[in-house]
Each structure stands twice: as C-alpha cells, then as structure tokens.
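# Residue-level structural notes
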Amino acid sequence: SLIIIKGAKDVPVPEILPKRAVMWVKPTVLPRSVASYPIGMKPILPEFLVDSTELNAVKSRLASYEHMQLPWMEEYLLAMGEGENRLHRKQWEFAVIAQALDRHGKLATGKTGLGFAVGLEPLATYFAKRGARVTVSDMPMQQGNQGDWAHTAQHSDNIDKAWRAGVMPLKEFRARANFRAIDMNNIPSDLMQGQYDFVWSCGSLEHVGRAQKSLEFIINSLRCLKPGGVAAHTTEFLLNDKVTHEDTYLNFFTEREIRDWVAVIESMGHTVLPLELAAGTTVDVDALAEHRQSNHMQLMDRNGKRHLIHTSISLIIIKGAKDVPVPEILPKRAVMWVKPTVLPRSVASYPIGMKPILPEFLVDPTELNDVKSRLASYEHMQLPWMEEYLLAMGDGQNRLHRKQWEFAVIAQALDRHGKLA
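Residues numbered from 1 in each chain as written. Predicted model: local features only at pLDDT ≥ 70, side-chain atom pairs only at ≥ 80, totals over all residues. Heavy atoms only, no water.

By the definition in use, this model includes 10 aromatic pairs. Measuring from ring centre to ring centre gives 5.9 Å for Trp 72 and Tyr 76, while their planes differ by 85°; the resulting arrangement is edge-to-face. Here the residue Trp 72 and the residue Tyr 76 both occupy positions in helix α2 (residues 71-79), the gap between them amounting to 4 residues, near one helical turn. Of the two residues, Trp 72 and Tyr 76, both sit in the buried class. Geometrically, the ring pair formed by Phe 127 and Trp 200 is edge-to-face, given 4.9 Å between the ring centres and 90° between the ring planes. One end of the pair, Phe 127, is in helix α4 (residues 123-129); the other, Trp 200, is in strand β5 (residues 196-202), and 73 residues separate them in sequence. With relative accessibility at 0%, the residue Trp 200 sits in the buried group. An aromatic cluster of at least three residues, connected via ring pairs, comprises Trp 72, Tyr 76, Tyr 126, Phe 127, Phe 198 and Trp 200. (Phe/Tyr/Trp six-rings, centres within 6.5 Å; stacked < 30°, edge-to-face > 60°. Helix = DSSP H or I, 4+ residues; strand = E, 2+ residues; numbered from the N terminus. Buried < 20%, exposed > 50% of the residue type's maximum accessible area, 1.4 Å probe, protein only.)

Structure, rendered in structure tokens:
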C-alpha cells in the first residue's frame, strides 16, 4: 500500500527523473562520473557506496580506493614484482589474497598451495619465494584458446610462464613449483584428498559458469584443503543491480548470490570470514574496453541493453574439521535457497529453479496499528479492526486474503485522515 498526503502545491516532475530512465538515488551517493552514464543506466546501488571498516582486518570484502591505499598493499605488490601501487583492482586482488594467506601463517617453509587458472599472475612466484611449495594450474590449452586467454597473454601452459622475473631465481622457483593443466569444473580427484594448506584463484570464478557452477568449484576447492586450510578467491561483484547477469563466458555475481554461497558453505561446517560489501565513497567507473591499461576499481560493461557496473570481491574461507556433503537444500539445477530460518513455510511446494522470497522482506512489520505505506502480511491482517472494516463493507469475515487486506488498509487510511465523512 502507498499512502500519500498531497503537498501545498503542484510541483513539476523533477528533471532528475528523465522519461524512460531509471530513478537515480540521492545525488550525495552518485559516483563522480554519473554525468557520463547512458540514459536509463542504473547507478551504483547506494548500500554499496559506504566506507569499509577495520581496513587492516582480514575479511571477505569489496575492492575500494580506501582499502587499496593502506601501506601494506604496496609492500606486498613490491615484494611480488608488481611495482608501485597503481590503484588498480587487479593489484588489489593480488594483495588481499597474499594478506589473507600470510596472516593465517600459510606462506612459510613446509606449507603447500594449489592455484587455479594462475596464468601469468605474480602470486605463485611470491608464495614460492616465501617458502611454500605450490602446484600451479591453468585450463588445458585447447580450452585456453577457446576462452581467448592465450591470445590475450593471460594463459599459462608450463611452469616457466608462471614465473615472475625479479622475484626469485627461475631455478629456485622450478624447485618449489610444479604445473598441471586443470579444468576448474573438473578438478582431478587426486588433488581433492585434503593435502594442501591453501588454495587460491584470482579473477577466475566468473569464467567457470553461473552461480551454481561457481559454488560447486568453491566447494571442490575446499576438498583440496587440510582442516584449517585457507581458500582465497576473488571474482566479480555487480554494483548497480540485484538482477542476475546471465552469460556463458563472463559472469557478475549479485549480493544475493554471494550471500547464498556463504550460507551453503557455512552449512557444510566451514567458516567464511566476515563479508563487508562496502565499495567506498570514492568511485570512478571506467569502460571495459580500456580496463587493462587504465587504473580503476570499478568497471562498466554491457550485456545487451543493460549497463553493468562491477568490481572485485574477495572470499576468504577457513576449511572445517571435515568434509560435509552439500546440503539437500541446494538441489541440482535449482537456485540457491537462503538459510532455512528465513524460508517461507510453503518452500517445499516451490517449483524447481524458482527463487524463494528475498530474506530482507521476511521480517515482522512494526507498529501494526499505525497508518503506513506497507506490505501485506499475516501479522497485519490479524488485527481486530481489519475484520471490523470488512464486515462493515459487506466483505464477510476475515479470510486472511490479501485482496481483503487491500480493502481494509485503504479504508483505514482514509478513515484515520477524516476523509470518510
């Protein structure tokens, strides 16, 4: 219901709401480059335009300029041969993965790690420099060509390509590292025996498949870890929409999908470090075409008529004491359900593949007797005055039907404001 009190005079429709365009959020939370947005493009959602907290803490979080400017960021980047801090989100991914593993004591002599879709990134060399033995992997060469990685100088097919010059001698790197061609959707069973201290992937999840496929990869990567081992993954996060982005090659994940992953992973006995979805208050959205050359923390891409703004997110996971089967609440080819505590009673009757009610709406209404613009609810419908209005208008007894709710709340709003006289 929407209950509106007319103002003192008629004011023209504001220009900030152009015809056939989406409604912008308040100007105070618009990114600086909003003037260059195409008409109809959604800006970054305001709930993400906040500063992150506890910047030095290891968390699962969004990339931000504020986080990127911490002194230890450049220390890691220099140590891994990445040069100075360019305020680039790919450098952010490298540094937060290194920080998470370092803070958990995994980058030391005697530790072992497994990297997925490593390509030419500097992490494997840096981890070996710190004393760890690493298995470096990338997709089989045929798949690499199909995904266009080999043609963009991002694919690796031998251990020497994964070496970063200037970080450690090649001979020493070869002694501490080995290479395997691995399809992330089909991790070899001999690697999922719980023998590694850490696993990582940097900007690869978005190429595995939709949210279901990506979650399956994360779960399988955890099977490679010893209890207490650490998984550090980074991927793409959609900033200006809550609607799933469908693509066969490059996917951007929504807040809902990320939170569903966390719910499933934690239900299996693992720990996801606290999730902080704060992209900061300093944003500068760049076009995808120039992203390899430009320094940026957010990108704009197009999917048909949709303009998508996305950034990086890190997921840091601690392996539980034992492997627990994937819960039945996650059926194959179905969407990921939210935690059972917030599932509607009739969830068992939902068609396979149907999204359940969003958890933010599954809360009890407050101040039930007040006149408000509000959603229909059983709690509101059961108030005594509901049936009084229904009986008075000849609609019979309260059948807990939302159409009756609409009748009653309209009558109550007009009655309380003295208009039914």
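Still more to cover.
With that settled, the discussion passes to the nonpolar core. Phe 116 and Trp 261 are the most contacted members of the largest nonpolar core, which totals 43 residues. Mapped onto this core, the elements with two or more residues apiece are β2 (112-116), β5, α7 (211-222), β6 (225-238), α8 (255-267) and β11 (306-318). The greatest single-element share of this core, amounting to 6 residues, is contributed by α7. Grouped together as the second largest cluster of nonpolar side chains are 42 residues, Met 80, Tyr 126, Ile 159 and Phe 198 included. (Core = buried A, V, L, I, M, F, W, Y, C linked by side-chain atoms within 4.5 Å.)

Relative to the 21 Å expected for 15 residues at 1.5 Å per residue, helix α3 (residues 89-103) spans 21 Å between its end C-alpha atoms, a close match to the ideal helical length. α3 sits mainly inside the fold: 12 of its 15 residues count as buried. Burial in α3 covers these residues: Arg 89, Gln 91, Trp 92, Glu 93, Phe 94, Ala 95, Val 96, Ile 97, Ala 98, Gln 99, Ala 100 and Leu 101. Among the residues trailing α3, Gly 105 stands out with phi positive, at a value near 70°. (Expected span 1.5 Å × (residues − 1).)

Below, the discussion takes up the pattern of salt bridges. Evaluation of the coordinates by the stated rule reveals 16 salt bridges. With a shortest N-O distance of 2.7 Å, Asp 190 and Arg 180 are connected by a salt bridge. Highlighted residues: Asp 190 in the loop between β4 (177-181) and β5 and Arg 180 in strand β4, separated in sequence by 10 residues. Residue Asp 190 is classed as partly exposed on the basis of its relative accessible area of 40%. Two residues, Lys 372 and Glu 367, come together in a salt bridge whose shortest N-O distance is 2.8 Å. We classify Lys 372 as partly exposed; its relative accessible area is 29%. Within this structure, Glu 54, Lys 59, Arg 61 and Glu 276 form a network of salt bridges that share partners. (Salt bridge = Lys/Arg side-chain N within 4 Å of Asp/Glu carboxyl O.)

Its identity as a non-glycine residue notwithstanding, Glu 54 has a phi of 45°, on the positive side. Exposure remark for Glu 54: the relative accessible area of 57% places this residue in the exposed category. The backbone of Leu 87 sits at a positive phi, close to 55°, despite the residue not being glycine. Positionally, Leu 87 belongs in the loop between α2 and α3. Given a relative accessible area of 26%, Leu 87 falls into the partly exposed group.

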